[in-house]
Amino acid sequence: MAVFIQTMVAGVLIGGVYSLIGIGMTLIMGVMGIINLAHGQLMMVSMYITYVLYHYLHLDPYVSLFIAMPALFFLGCLLQKYFLNPLIKVDSVLPENQVLMTVGIGIVLTEIARFIFTSDYKAVKTPYSSAAFFIGSISFSVPMCIAFLIALLFTAILFWFLLKTDLGRAIRATAQDKEAATLMGIDSEKITIITFGIGSALVASAGCLLMPIFYLFPDIGGPFTLKAFVITILGGLGSTVGAIVGGVVLGIAESLGATYIGMGYKEMVGFVIFVLVLVFLPGGLKRLTKI
Amino acid sequence: MLKVKGIDVFYGDLQVLWEVSFHIREGEIVVLLGANGAGKSTTIRTISSMLSPARGSIEFEGRRIDHLPPHLIINEGIVHVPEGRRLFPEMTVEENLIMGSLAPEAKFKRAETLEYVYGLFPRLKERRKQLAGTLSGGEQQMAAIGRGLMSLPKLMMFDEPSLGLAPILVQDVFHLVKEINDSGVTILLSEQNVIQTLGMCDRAYVLENGRIVLEGTGEELLNNDQVKEAFLGI
């Protein structure tokens, strides 16, 4: 029983961070109608920023949040403005060419990272990296708990922003009906740029939060892009609430898989869920809750 | 107030408007009549800058607006209540209304205008926390009109507001349009409901296959043989 509870705790904690990654992707999906396949790679960039700041300036990863998030927001805006938006205007055989562009961006980012930092594993070893506290016999990893709480905080801020500010409402309006939003005076191109920026900043925060726990190498982005994709499908495309639930479900599932099947099968569990959802619940959790 | 001069509009290679010219004076209710596909919606969408005319010009209060980006049209004081309502289905009624008042001036008066709109549509006030997608057709039309009013427009363009509404609600919508007009807003209305709209409008233009074929006051057109034959089947 203790093992089961321990597994659930670990799953929920990492799930909070997964949610953060998934929300970023689902926001972009909702507004632009595309899957951003460079999402994990953007997180990788943020992790390298955190690593460099720690290595050269001895900045704590949590302080790096304040640098990595704006930096990635800016990078995301640039990518949308100069790489993705111009593609909308091109009449192409493939309407999905924006998605292909994100794949390209992901590869380029990975290779730039490899060029600068080589393929070696890097790590940020903070004093609290392996710290833990116990409640009963259940251990709580300190960096995971901090990551979970900060993820909760950012999610709350994001919801406040989307629900209570005009810009946030404009983002939702554009996702729901782009043409009507334009008639109401919303510059949909500007909204796509800001949304990509926000999505990038969210995944950047996840990068900073995971840095004390994970090893870093240039190819770390790929698996996280796939995780984000699984979460987005699981939650229902474009649904922010779905992404939160999806993130936690994926975290728990992976954790259960690692405990009861084997560490090596952790990743596989996510994709089994992915396939099951597509077969039995196309539309994701959104279909169940109507949110 | 609004001058449309000889606009030609294309969808890709297909020309849908041919030298369409008309004007609207301040305070008027002007109606565009025509069958499906005659070019009513296209005309309104072109004024909204969702489409650009290949030739011709559109002036509003003496300023050319035909090549403005579409999201700036509302700042000029022109609001377009689109065909099929086009509310934001997963936002509440109140949020939908708020989306009409994003421009600085409208935003400044947001609370005040919101009260005015709720006064006009008590039903919307009752349902202000409800998602717009769950409203009935008539309520959705009220919300769409309310959203338009939130921008404090000088010219309000309605694209087939009666489409898909029960006859009794159609009456309500036309009364409302008249009421809005009485409060000082100029109106451009596209409709297929010939008798009712001709009865209430100042002037009307008849579109056929993308061309304006007739114009006149409502009364003139009601008595016009061509209109009677084409629309009323008399």
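Attention here is on the structure that accompanies the text. Here, residues in each chain are numbered from 1, in the same order as that chain's written sequence. Throughout, the order in which chains and ligands are written sets their labels, letters from A for the former and numbers from 1 for the latter. Residue-level local features of this predicted model are given only where pLDDT is at least 70; pairs of side-chain atoms are given and counted only at 80 or more, and the full residue set underlies all totals for whole chains, interfaces and linings.

Residue and element names in this part refer to chain B. Two strands pair under a simple rule: DSSP has to find at least two bridges between them. Counting from the N terminus, the helices are the DSSP runs of H or I reaching at least four residues and the strands are the DSSP runs of E reaching at least two. Pairing within the open sheet is antiparallel, and its four strands lie in the order E2-E1-E4-E5. Whereas interior strands pair on both sides, the edge strands pair on one side only; in this sheet they are strand E2 (14-24) and strand E5 (63-64). As defined by bridge partners, strand E4 (residues 55-60) adjoins E5 across two bridges and the pair is classed as antiparallel. Bridging across to E5, Glu-59 finds its partner in Arg-64. It is the C-beta atoms, placed from the backbone, that decide contacts: two residues are in contact if theirs lie within 7 Å. Geometry is summarised by axes, namely lines fitted to C-alpha atoms with helices restricted to the contacting stretch, and by angles between N-to-C directions that run from 0 to 180 degrees. Across the sheet, helix H1 (residues 40-47) is in contact with strand E1 (2-11), E2 and E4; its angle to E2 comes to roughly 70°.

So, on to the packing of helix H1 (residues 2-32) of chain A against helix H8 (residues 188-210) of chain A. All names here are of chain A. With their axes 8 Å apart at the nearest point, H1 and H8 run at an angle of 170° to one another. Here H8 runs roughly antiparallel to H1, going by the angle between their axes. In this classification, the charged set is Asp, Glu, Lys and Arg, the nonpolar set is Ala, Val, Leu, Ile, Met, Phe, Trp, Tyr, Cys and Pro, and all remaining amino acids, among them Gly, are polar. Across the contact of H1 with H8, the residue classes tally to 17 nonpolar, six polar and no charged. Note on terminology: angles under 35 degrees are roughly parallel, angles over 145 are roughly antiparallel, angles of 65 to 115 are roughly perpendicular, and the others are oblique.

Next up on the list: unusual backbone geometry. Residues and elements named next belong to chain A. The residue Thr-118 is not glycine, and still its phi comes out positive at about 60°. Inspection of the secondary structure puts Thr-118 in the loop between helix H4 (97-117) and strand E1 (132-135). Exposure criterion: with C-beta atoms placed from backbone coordinates, a residue whose C-beta has 20 or more other C-beta atoms within 10 Å is buried, one with 12 or fewer is exposed, and one in between is partly exposed. We classify Thr-118 as exposed; it has 11 C-beta atoms within 10 Å.

Our focus in this paragraph is the packing of helix H9 (residues 221-235) of chain A against helix H11 (residues 266-280) of chain A. All names here are of chain A. Packing of H9 against H11 leaves a shortest axis separation of 10 Å and a crossing angle of 35°. Note that H9 runs across H11; the crossing there is left-handed. For the pair formed by H9 and H11, the contact residues are Pro-223, Lys-227, Val-230, Ile-233 and Leu-234 on the first element and Glu-267, Gly-270, Phe-271, Ile-273, Phe-274, Val-277 and Leu-278 on the second. A class-by-class count of the residues in the contact of H9 with H11 yields nine nonpolar, one polar and two charged. Helix crossings are classified by the rotation of the near helix relative to the far one: an anticlockwise turn of less than a right angle makes the crossing left-handed, while a clockwise turn makes it right-handed.

Turning to the environment of A:Leu53, a few remarks are in order. Residues and elements named next belong to chain A. Within the fold, Leu-53 resides in helix H2 (residues 39-57). The buried category is assigned to Leu-53, around which 20 C-beta atoms lie within 10 Å. It is 29 Å that separates the C-alpha atoms of Leu-53 and Met-101, two residues lying 48 residues apart in sequence.

Let's shift gears to the sheet that holds strand E8 (residues 186-191) of chain B. Residue and element names in this part refer to chain B. Taken in spatial order, the six strands line up as E6-E7-E8-E3-E9-E10 in an open sheet, and their pairing is mixed. Single-partner strands in this sheet number two, and they are strand E6 (78-81) and strand E10 (211-217). Going from strand to strand, the sheet's axes swing by 15° on average, the running direction of each strand aside.

All names here are of chain A. Given a rise of 1.5 Å per residue, 31 residues ought to cover 45 Å, and the 44 Å separating the end C-alpha atoms of H1 matches this to within 8%. The reported bend at a residue is simply the angle between two axes, fitted to the 7 residues ending at it and to the 7 residues beginning with it. Considering bend angle alone, the principal kink of H1 is centred on Gly-16 and spans about 25°. Following H1 by one or two positions, Gly-33 adopts a phi angle in the positive range, close to 70°. Expected span, for any helix, means 1.5 Å times one less than how many residues it has.

Another point: the nonpolar core. Residues and elements named next belong to chain A. One finds Val-17 and Ile-21 to be the most contacted residues of the largest nonpolar core, which totals 156 residues. The element best represented in this core is H1, accounting for 15 residues. When neighbours within four sequence positions are excluded, Val-17 is seen to be in contact with Ala-147, Ala-151, Ala-206, Leu-209 and Leu-210. In this description, a nonpolar core means buried residues of the types Ala, Val, Leu, Ile, Met, Phe, Trp, Tyr and Cys, linked to one another by C-beta atoms lying within 7 Å.

Take it as geometry only, folks, not as evidence of what the structure does.
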